[in-house]
Amino acid sequence: MIIIGISGKINSGKDTTGRLLLKNINETVFHITKSWDSELFVSNYEQFEWILAEKTKDWEFKKFAYKLKMFAGLLIGEDVSMFEDRDFKKSTLPAMWDKLNLEGPNIEMTVRDLLIALGDGCRKMVHPNIWINALCADYIIENNPKWIVNDLRYKNEAEALKKLAKEHNDQCFLIRINSDRAQIIDNDSETDLDDYKGFDFYIENNLDTSVTDLEAQIRAILVKIQWAKVKEQIK
């Protein structure tokens, strides 16, 4: 049916953008009358989540990293939900996970380090598209899926979403978040899409960007997506 992919660096606001997208898909695209205060919605998302799920049963949040996090969770004995906690991902793993260092003290490993090592290692040693294939398998077996994929990090992931939608006569729209609040990390997972030219829309989410300003940008994008859907149906 439709895939919306969201890209941005750490702390750029990918999850917040995804949640506001879902909120406004209700209000803007499908004209559901119930509205919520945006600041309250973002700061207390868990309180609204079950209501939102009832109203958008056919929309799903998806992540390329979900099955990676499941894998990591099995290794360290943690539930996959823990990997959505920013502080947990910054936390240090037990000493048995320290990396050996012949030139000095062993190097501690954080949960984020483990995720990056597993993700990169499986791409290099198993298949370059391992996490892409794992996600695409879900799309193939689902009936009329509508996805918001809010962890787009690599060019091949972006192209895979476009290809997946095209193969099923569906539509794909890619959004890039630019932000001066983002955390800069020198890793392919954070830099690969810096020069990518295939984004359909751009969002500015800076330190001085309010939730209201962010939501206004999202609403404008949804209007354009709705028109694109209408034009596609007319063809």
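Overview of the structure.

Calculation criteria
- Residue positions are given per chain, counted from 1 along the sequence in the order it is written.
- Where totals are concerned, whole chains, interfaces and linings use all residues; where local detail is concerned, this predicted model gives features only for residues with pLDDT of at least 70, and gives and counts side-chain atom pairs only at 80 or more.
- To get the side-chain values, take all heavy atoms of the structure and skip hydrogens and water.
- Salt bridge, as applied in this entry: a Lys or Arg side-chain nitrogen positioned within 4 Å of an Asp or Glu carboxyl oxygen.
- Partly exposed residues are those whose accessible area sits between 20% and 50% of the maximum for their type, while under 20% is buried and over 50% is exposed, using a 1.4 Å probe and protein chains only.
- In DSSP terms, a helix is any run of H or I states spanning at least four residues, a strand is any run of E spanning at least two, and both are numbered starting from the N terminus.
- Each nonpolar core is a collection of buried residues, namely Ala, Val, Leu, Ile, Met, Phe, Trp, Tyr and Cys, held together in the definition by side-chain atoms within 4.5 Å.
- The contact definition used throughout considers only heavy atoms, calling two residues in contact when any of these lie within 4.5 Å.
- In this analysis, rings of Phe, Tyr and Trp, with Trp reduced to its six-membered ring, are considered paired at centre separations within 6.5 Å, and the interplanar angle assigns stacked below 30 degrees, edge-to-face beyond 60, and tilted for intermediate values.
- We call two strands paired when DSSP finds no fewer than two bridges between them.
- Axis lines are fitted through C-alpha atoms, for helices just across the contact stretch, and the angle between N-to-C directions can take any value from 0 to 180 degrees.

Quick look at the pattern of salt bridges
No. 1: Summed over the entire model, instances satisfying the criterion amount to 14 salt bridges.
No. 2: A salt bridge links Lys62 to Glu60, with the shortest nitrogen-to-oxygen separation between them at 3.9 Å.
No. 3: Residue class for Lys62 comes out buried when judged on its relative accessible area of 13%.
No. 4: Asp195 is the salt-bridge partner of Lys155, the closest N and O atoms lying 2.8 Å from each other. Taken together, the residues span a long stretch of sequence, with Lys155 in helix α8 (residues 155-167) and Asp195 in the loop between α9 (188-191) and β5 (201-204) at a distance of 40 residues.
No. 5: Exposure remark for Lys155: the relative accessible area of 28% places this residue in the partly exposed category.
No. 6: Here the salt bridges share partners, and the residues they tie into one network are Asp15, Lys63, Lys69 and Glu84.

Observations concerning the nonpolar core
No. 1: Core analysis: the biggest nonpolar cluster contains 20 residues, and Leu21, Trp59, Ile148, Ile175, Ile203, Ile218 and Ile225 have the highest contact counts within it.
No. 2: Only β1 (2-7), α1 (14-29), β4 (171-178), β5 and α10 (211-234) provide two or more residues apiece to this core.
No. 3: Examining the composition of this core, we find that six residues originate from one element, α10, more than from any other.
No. 4: With sequence-adjacent residues up to four places away left out, Ile203 is seen in contact with Thr17, Ile175, Arg176, Ile177, Asn178, Leu214, Gln217, Ile218 and Ile221.
No. 5: In this structure, Ile132, Ala158, Cys172 and Leu193 belong to the second largest nonpolar core, which totals 19 residues.

Here we look at the packing of aromatic side chains
No. 1: Per the stated rule, a full pass over the model turns up five aromatic pairs.
No. 2: Pairing Phe83 with Phe88 gives two aromatic rings, centres 5.4 Å apart and planes at 85°, and the pair type is edge-to-face. For the pair formed by Phe83 and Phe88, the shared burial category is buried.
No. 3: Among the aromatic side chains, those forming a connected cluster through ring pairs are Tyr196, Phe199 and Tyr202.

What about the sheet that holds β5?
No. 1: On the basis of which strands lie adjacent, the open sheet formed by five strands has the order β2-β3-β1-β4-β5 and parallel pairing. Two strands lie at the open edges of the sheet, namely β2 (59-62) and β5, each paired on one side alone. Sheet twist, expressed as the mean angle between neighbouring strand axes with direction ignored, is 20°.
No. 2: When β2 meets strand β3 (residues 146-152), the two strands line up parallel, connected through four bridges. Across the sheet, residue Trp59 finds its bridge partner in β3, namely Lys146.
No. 3: Helix α7 (residues 130-141) rests against β1, β2 and β3 of the sheet, and its axis sits at about 175° to β3.
No. 4: Against the sheet, α8 touches β1, β3 and β4, its axis set at about 155° to β4.

Just distances and angles here, no functional claims.
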